[in-house]
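Descriptive structure summary
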Amino acid sequence: MTNHNSEAVMDELDMSAAKAPAREAAGARAKAKSGAALNVAIGVSAVITVAGIALWAMQISGGMVQTAMRNLDSWGLYITMFMFFVGLSAGGLIISSVPKAFGIKGFGGISKVAVMTSIAATVGAIGFVVVDMGQPFRVWELFVYSNLGSPLMWDIIVLMTYLILSCVYLWAQVQAEKGKVSAAALRVISVIALVCAILVHSVTAWIFGLQQSHEMWHTALLAPWFVSSALVCGTGLVMVVVIAMDKAGYLKVQRANLVKLAKLLGVFVCVDLYFFGCDLLTEAFPAAGGMAVVDMLVSGPLAPFFWGEVVLSLVALVIAFVPALRTNPLLVVAGICAIAAIFCKRVQLLVGGFQIANIDYPAVLTPYTVTDWQGNMAQAYSGLVYWPTALEFGIAVGVIGLAFLVLFAGIKFLPLKPADEK
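Rules used throughout
Residues numbered from 1 in each chain as written. Predicted model: local features only at pLDDT ≥ 70, side-chain atom pairs only at ≥ 80, totals over all residues. Heavy atoms only, no water. Salt bridge = Lys/Arg side-chain N within 4 Å of Asp/Glu carboxyl O. Helix = DSSP H or I, 4+ residues; strand = E, 2+ residues; numbered from the N terminus. Buried < 20%, exposed > 50% of the residue type's maximum accessible area, 1.4 Å probe, protein only. 1 Å grid on protein atoms, 1.4 Å probe; cavity = no way out; pocket = protein on both sides within 12 Å on 5 of 7 lines; lining within 4 Å. Points joined across faces, edges and corners; volume = space filled by probe spheres on them. Nonpolar A, V, L, I, M, F, W, Y, C, P; charged D, E, K, R; others polar. Arc of directions from axis to C-beta. Contact = heavy atoms within 4.5 Å.

A word on the pattern of salt bridges. Applying the stated criterion across every chain, the model contains three salt bridges. Where Glu309 meets Lys345, a salt bridge forms, and the shortest distance between an N and an O atom there is 2.6 Å. Here Glu309 is found in helix α10 (residues 303-321), whereas its partner Lys345 is found in helix α11 (residues 328-355), with 36 residues between them in sequence. Judged on exposure class, the residue Glu309 and its partner Lys345 are both buried. Each of Asp272, Glu309 and Lys345 takes part in a single network of salt bridges with overlapping partners.

And the structure:
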């Protein structure tokens, strides 16, 4: 009996040994395939970035009049995307820093990936600010002639600090895995990163909320609303990226961690919708000036973006909270829906803030003051005044390509895998 058992064990060992080279070969082929796909992604992102730079050069040479922005609609697609990318960046860093800051269990090996998405999104956000300024040489004027009493300057300072801190935080995580940074030091950096992530979105909200002349922006709820939106789209982005990396064989993500991310996304969507409902109720219930904002969103020119946000948020919510729907493909759908919902919110906020014009002030209507300039102010703002030009869309795609280029380059060249997977 002993001999038979021993022979059986030896046979199993021999079979396992025989299968080992096959598994290694399959793993090598999968790694080579994912590496080739990553190289293609980097190449495509680089081409899109270069094309965006070429279009930006056209904008610089021809002037900002080539865009659809005018004196009375002075912010457009670029600042919309700036708000959106700041949210993506803040959400990723918060997802990574909260578990370490509070000493709780995190989401497995996705922490460094979340920080990398934050860095890439921050680069994109800064890129949109630069292209919105018209001339790149004006960047240095922000620091030479800075006005520290302006929320715009607060945002520039916080955003630059945020980018530097995100890079330091990623470096600290890598060094901590090597035993060169203590857990206590990493926790301190995590707390600072968490505070900075909240600040960067709060300050961005204050740029809008502290302006009394725009009915839709003048609310104290804007800063916490920005933070909740950042958590929604940031969590959605991290979930999509880690599932894609798991599919490509770059990262092994435990099912329990994906479920936790999905539940967290659902909670964040609920909080964001709660803030949205509070804001709408406060605007509409007195039936005063704020009712014009609600009408504009619900049934006016921005209704497609309003209802788009509601429907997309509900889709993400259902997938996140229904266990049977938490398959990887549907979780990707939930993440994309969450990201798209927040983009719709950003469009509503940016365009809607200018859409309700203060027509008590006289203005000379020319092609340089308002896009739809024929007639009077009421007629000009009766429809959707601002819509980006093809040049704006092209430059925006170029900046998005830059953000993806940073993300893909980080995945390829930086040690983002957990230490036990290397």
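A word on empty space enclosed by the protein. Per the stated rule, a full pass over the model turns up two cavities of 30 Å³ or more. Lining of the largest cavity is provided by Met216, Leu222, Trp225, Phe226, Phe276, Glu309, Lys345, Arg346, Gln348 and Leu349. Elements that contribute at least two residues to the lining of the largest cavity include exactly α7 (222-247) and α11. With four residues, the single largest contributor to the lining of the largest cavity is α11. Across the lining of the largest cavity, the residue classes tally to six nonpolar, one polar and three charged. There is about 40 Å³ of room inside the second largest cavity. Asp73, Trp75, Leu350, Val351, Phe354, Gln355, Val385 and Tyr386 are the residues that line the second largest cavity. Tallied by class, residues from the lining of the second largest cavity come to six nonpolar, one polar and one charged.

Turning to helix α9 (residues 291-298), its buried residues number three or more, namely Val293, Val294, Met296 and Leu297. The arc enclosing the buried residues of α9, seen along the axis, measures out at 160 degrees, which places them on a common side. Taken together, the buried residues of α9 touch α8 (255-284), α10 and α11.

Empty space among the atoms becomes apparent when a probe as large as a water molecule is rolled across them. Here the second largest pocket is characterised by a volume of approximately 460 Å³. Around the second largest pocket sit 20 residues that line it, and Val129, Met133, Leu142, Leu152 and Ile156 are the ones nearest its centre. Those elements that place two or more of their residues in the lining of the second largest pocket are α2 (77-102), α3 (111-132), α4 (139-144), α5 (151-177) and α6 (183-209). It is α5 that contributes the most residues to the lining of the second largest pocket, four residues altogether. The residue makeup of the lining of the second largest pocket, split by class, is twelve nonpolar, four polar and four charged.

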